[in-house]
Amino acid sequence: MFLSDKSPLKDIYKEELMAAGIRWEEGQHTESEILSADCIIKSPGIPHKVPIIQHAKEKGIEIISEIEFASRYTDAKIIAITGSNGKTTTTSLLYHLLQQAGLSVGVGGNIGHSFARMVAEEPKEYYVLEISSFQLDDITSFRPHIALLLNITPDHLDRYNYEFQNYIDAKFRITAFQEASDYLLYDADDLVLQEELTKRKDIKAQLLPFSLEKENTQGAYCLDEKNIHINFNQNLLEMSTKDLTIKGKHNLKNAMGATMVAKMLNIRNENIRNSLMTFQGVPHRLEFVREIEGVRYINDSKATNVSSTYYALRTMTTPYVLILGGEDKGNDYMDITDLITAGARGLVFLTTDVLKLYKSFHGKVPQIASALSMEEAIAHAREMAQPGDTVLLSPACASFDLFQSYIHRGDCFREVVQSLIQDEEKHV
């Protein structure tokens with residue numbers, strides 16, 4: 001076994017590799033070593049077009065993702081969740097539901113620990129996995145017993161040759177190897193999913209919808225946004241949406257998807273209700289930080305695409321200053337333009353490349369500023385905001401132009417806001 005990373009490795013990983021007797025290199029890819037392999041487990045962040053991967057394909061070397069590799073070494077029930085938005089919230093909520101019910105369950109994939117590490121070091125009877133399109137690109141037999149396809153909106157188009165259908169096809173790979181005894185849960189209100197499910201004739205899994213618009217005899221629905229109805233093989237659950245700690249229509253759908261799985265696994269209604277009432281949400285997803293001088297600060301750094309920012313803006317009940325921008329992935333800002341025009345007091349572009357944002361929003365909001373650091377962005381936002389407003393970090397872009405990750409970006413937002421509190425206290 002050999003690990004090759006073009007970036008520097010952290011000391012903790014070097015020590016772990018040496019203790020396990022695994023050879024490794026950092027800062028380079030030694031082609032002779034890599035191309036001598038029988039199988040390459042590719043990091044999802046590496047595109048297929050890079051030369052080393054192309055050379056491996058030419059040699060006929062098997063190239064798979066880590067979730068494919070790990071799935072070959074476990075007989076556990078796999079619940080896999082994908083979608084353009086809501087993956088982390090739904091995955092975390094479902095894990096909470098199953099863990100609180102006493103099931104032997106692990107959570108990972110695109111969040112937390114890798115699937116392979118869990119299979120190797122802490123085997124479970126169930127795994128709840130958040131799965132990205134990049135991970136699905138490199139599966140050859142990965143078969144979840146229950147798959148959740150939450151929604152599909154344009155994202156990562158730079159990775160998919162700016163062809164939306166290529167991205168759609170990647171998402172639908174979550175059901176590619178499912179059989180008739182498996183299940184595919186999906187948002188019946190999502191127009192892309194409706195169209196794809198109509199024209200795809202190769203899906204073998206049993207389809208279970210959830211909806212805010214249509215009543216389903218099998219699946220879940222909530223027509224009035226007041227009461228959730230779940231029905232799986234005459235196993236019924238009805239509950240008030242008031243019991244949910246996570247708010248907004250998008251989170252109502254996330255909750256329906258997670259709750260459907262809990263019912264399918266025969267978790268008692270009382271346990272489900274209690275767990276939904278105690279779930280605390282996900283960091284960096286519409287996370288309230290503090291209120292300062294009458295202005296609320298909300299961290300939604302995990303909004304790395306336009307659709308996710310759209311959902312965040314739909315939750316705003318006050319005028320707001322939006323901190324927007326980062327590494328653009330082929331974004332079309334038309335979907336959020338009307339919401340911003342109607343509700344934004346100002347925009348702050350936190351990015352090294354502001355041209356596209358200025359072209360999209362110039363003249364449509366009262367104030368616009370740009371920033372190259374979180375401190376500068378929040379300083380601009382603070383000048384624009386008035387008591388009763390909200391400052392919302394919901395970038396609609398990846399973070400890599402100025403930050404290490406969306407987590408780093410969100411942590412910086414929290415830290416700067418907390419420093420404002422300290423400054424205020426010094427002057428009291």
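Residues numbered from 1 in each chain as written. Predicted model: local features only at pLDDT ≥ 70, side-chain atom pairs only at ≥ 80, totals over all residues. Heavy atoms only, no water.

Engineer: Can you break down the environment of Thr-245 residue by residue, with the values?
Structural biologist: With respect to the element layout, Thr-245 can be found in the loop between strand S13 (235–240) and helix H10 (249–264). Relative accessible area serves as the criterion here: at 35%, Thr-245 is assigned to the partly exposed category. Through-space distance from the C-alpha of Thr-245 to that of Met-277 is 5.8 Å; in sequence the pair is 32 residues apart. A distance of 2.3 Å separates a polar atom in the side chain of Thr-245 from the backbone oxygen of Phe-279. (Helix = DSSP H or I, 4+ residues; strand = E, 2+ residues; numbered from the N terminus. Buried < 20%, exposed > 50% of the residue type's maximum accessible area, 1.4 Å probe, protein only. Polar contact = N/O pair within 3.5 Å; in protein donor to acceptor, adjacent residues only side chain to side chain.)

Engineer: Before we move on, can you summarise the pairing of strand S2 (residues 23–26) with the specific residues and values?
Structural biologist: In this structure, strand S1 (residues 2–5) lies alongside S2, joined through 4 bridges in parallel fashion. The residue of S2 that forms the bridge with Asp-5 is Glu-26. Traced from S1 through helix H1 (residues 11–19) to S2, the parallel crossover comes out right-handed. (Pairing = 2+ DSSP bridges. Right-handed = clockwise from strand over helix to strand, strands pointing away.)

Engineer: Can you tell me about the packing of helix H8 (residues 164–172) against helix H9 (residues 191–199), naming the residues and giving the values?
Structural biologist: The contact between H8 and H9 brings their axes to 12 Å, and the two run at 70°. Viewed along their axes, H8 and H9 adopt a mutual orientation that is roughly perpendicular. The residues of H9 that touch H8, namely those facing Phe-164, Gln-165, Ile-168 and Phe-172, are Val-192, Leu-193, Glu-196, Leu-197 and Lys-199. Counted by class, the contact of H8 with H9 contains 6 nonpolar, 1 polar and 2 charged residues. (Axes fitted to C-alpha atoms, helices over the stretch in contact; angles between N-to-C directions. Parallel < 35°, antiparallel > 145°, perpendicular 65-115°, else oblique. Contact = heavy atoms within 4.5 Å. Nonpolar A, V, L, I, M, F, W, Y, C, P; charged D, E, K, R; others polar.)

Engineer: Tell me about the packing of helix H5 (residues 87–100) against helix H11 (residues 269–278), residues and numbers included.
Structural biologist: Relative to each other, H5 and H11 sit at 130°, their axes nearing to 9 Å. Taken together, the axes of H5 and H11 lie oblique to each other. Between H5 and H11 lies a crossing whose hand is right-handed. On H11, the residues that touch Leu-93, His-96, Leu-97 and Gln-100 of H5 are Ile-272, Ser-275, Leu-276 and Thr-278. (Left-handed = near helix turned anticlockwise from the far one by under 90°.)

Engineer: Tell me what's going on with the pairing of strand S16 (residues 320–324), and back it up with residues and numbers.
Structural biologist: With 5 of 5 residues buried, S16 lies mostly within the body of the structure. In S16, alternate side chains face the same way, and those of Tyr-320, Leu-322 and Leu-324 on one face and Val-321 and Ile-323 on the other are all buried. Here 5 bridges tie S16 to strand S17 (residues 344–350), and the two strands are oriented parallel to one another. When the sheet's bridge partners are listed, Ile-323 is paired in S17 with Val-348. Each parallel crossover has a hand, and for S16 linked through helix H13 (residues 334–343) to S17 it is right-handed. Across 4 bridges, the pairing between S16 and strand S19 (residues 390–393) is parallel. Bridging from a neighbouring strand, Tyr-320 pairs with Thr-390 of S19.

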